[in-house]
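Take a look at the letters that make up each chain.
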Amino acid sequence: MLTKTPTAAYNPFFGCAIMVMAALMFGGIVTWSIYSLMKQDSEIALFTIEKPIPLQGVALSAEDRTALLTRATTFGEAARAGRAAMLEVTVAELNALIAAAPDTGYGNFREMIAFKATQPETKTLVADVCLPLNKAKFWEGKRYVVGEASFALDHSEAGPDVKLTTLTVPGKVVSQGFVDAFSSWRWVTPYQKVEPIGSVLKAIKSARVTAVGLTFSTTAAP
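Residues numbered from 1 in each chain as written. Predicted model: local features only at pLDDT ≥ 70, side-chain atom pairs only at ≥ 80, totals over all residues. Heavy atoms only, no water.

Looking at this structure, I do not really get the packing of aromatic side chains. What am I missing?
One pair of aromatic rings is described through two measures. These are the centre distance and the angle between the planes. Evaluation of the coordinates by the stated rule reveals five aromatic pairs. Ring geometry for Phe151 versus Trp187: centroids 5.5 Å apart, planes at 90°, classification edge-to-face. Within this pair, whereas Phe151 is found in strand E4 (residues 142-156), its partner Trp187 is found in the loop between helix H4 (176-183) and helix H5 (197-203), the two being separated by 36 residues in sequence. Given the relative accessible area of 0%, Phe151 is considered buried. The interplanar angle of 65° and the centroid separation of 5.4 Å between the aromatic rings of Phe178 and Phe182 together place this pair among those described as edge-to-face. Taken together, the residues span about one helical turn, with Phe178 and Phe182 both in helix H4 at a distance of four residues. Overall, Phe178 belongs to the buried group, its relative accessible area being 12%. The exposure class of Phe182 is buried, given its relative accessible area of 16%. Here the aromatic cluster, defined as three or more aromatic residues joined through ring pairs, consists of Phe109, Phe115, Phe151, Trp187 and Tyr191. (Phe/Tyr/Trp six-rings, centres within 6.5 Å; stacked < 30°, edge-to-face > 60°. Helix = DSSP H or I, 4+ residues; strand = E, 2+ residues; numbered from the N terminus. Buried < 20%, exposed > 50% of the residue type's maximum accessible area, 1.4 Å probe, protein only.)

Have a look at this one:
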């Protein structure tokens, strides 16, 4: 019967050394994570403010707002029924639709964005924004990015959507990494799960940026 014979002296501290190294590595990762979070927090603080600023978008009269909602309802009914329909809205009317939209759990966007111009040649919209951000110490509340942003019009099977492409804050430098992070958010996406809005969005086959606003159609663009 064969037996194994140790070739080296037993070291009782070997296992302890491994545990110490593992603890140091874990501690280093935690320390680096905290450092990165605090550094990012301090960088964001350079271009944010502590209080939100009310956005002054182009407003509609009560009469024009009622007429817009009637047109939007008629378009929505036709879209859900599979009929050909078109809806043209100005920048002011777009803001009115945002103000009338329900809260999807992310807050009401009328406090965060106010469109003010279009750029048809690049398929973008320009807006004043007041974007809320959590602080690293979340219990201390939020801070706000107040500036101007461009939004690119996008389209998928779920319907039209927009994403932030540029962001400027007067007198401040906004890091590209922060802009890239915000660009991953699709602003219309939350409404795709809210009915009947979701069905209407899905029925829209084309969306176009015009000189005065947006045009939505239930038929594909030629």
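Teacher, can you tell me more about helix H2 (residues 62-80) here?
When the terminal C-alpha atoms of H2 are compared, their 27 Å separation across 19 residues agrees well with the 27 Å that a helix rising 1.5 Å per residue should span. When H2 is considered as a whole, its buried residues turn out to be Leu68, Phe75, Gly76, Ala78 and Ala79. Down the axis of H2, the smallest arc covering the buried residues is 165°, so these residues share one side. For H2, the exposed residues set more than 90 degrees away from the buried face come down to Ala62, Glu63, Glu77 and Arg80. (Expected span 1.5 Å × (residues − 1). Arc of directions from axis to C-beta.)

Sorry, what's going on with the pairing of strand E3 (residues 124-134) here?
Side-chain direction in a regular strand flips from residue to residue, so the side chains alternate between the two faces of the sheet. Counting buried positions along E3 yields eight of eleven residues, so the element is predominantly enclosed. Both strand E2 (residues 113-119) and E3 contribute to a ladder of six bridges, which runs antiparallel. Bridge pairing links Ala114 to Asp128 in E3. Judged from the eleven bridges that link them, E3 and E4 form a sheet pairing that is antiparallel. Paired with Leu125 across the bridge in E4 is Phe151. (Pairing = 2+ DSSP bridges.)

What is the right way to read the packing of H2 against helix H3 (residues 91-100) from this model?
Packed helices, taken two at a time, are described by the angle their axes make and the gap between the axes. Two numbers describe how H2 lies on H3: the axes approach to 10 Å, and their chain directions differ by 75°. One way to sum up the angle between H2 and H3 is to call them roughly perpendicular. Here H2 contributes Arg65, Leu68, Leu69, Arg71 and Ala72 to the contact with H3, which in turn contributes Glu93, Ala96, Leu97 and Ala100. Considered class by class, the residues forming the contact of H2 with H3 number six nonpolar, no polar and three charged. (Axes fitted to C-alpha atoms, helices over the stretch in contact; angles between N-to-C directions. Parallel < 35°, antiparallel > 145°, perpendicular 65-115°, else oblique. Contact = heavy atoms within 4.5 Å. Nonpolar A, V, L, I, M, F, W, Y, C, P; charged D, E, K, R; others polar.)

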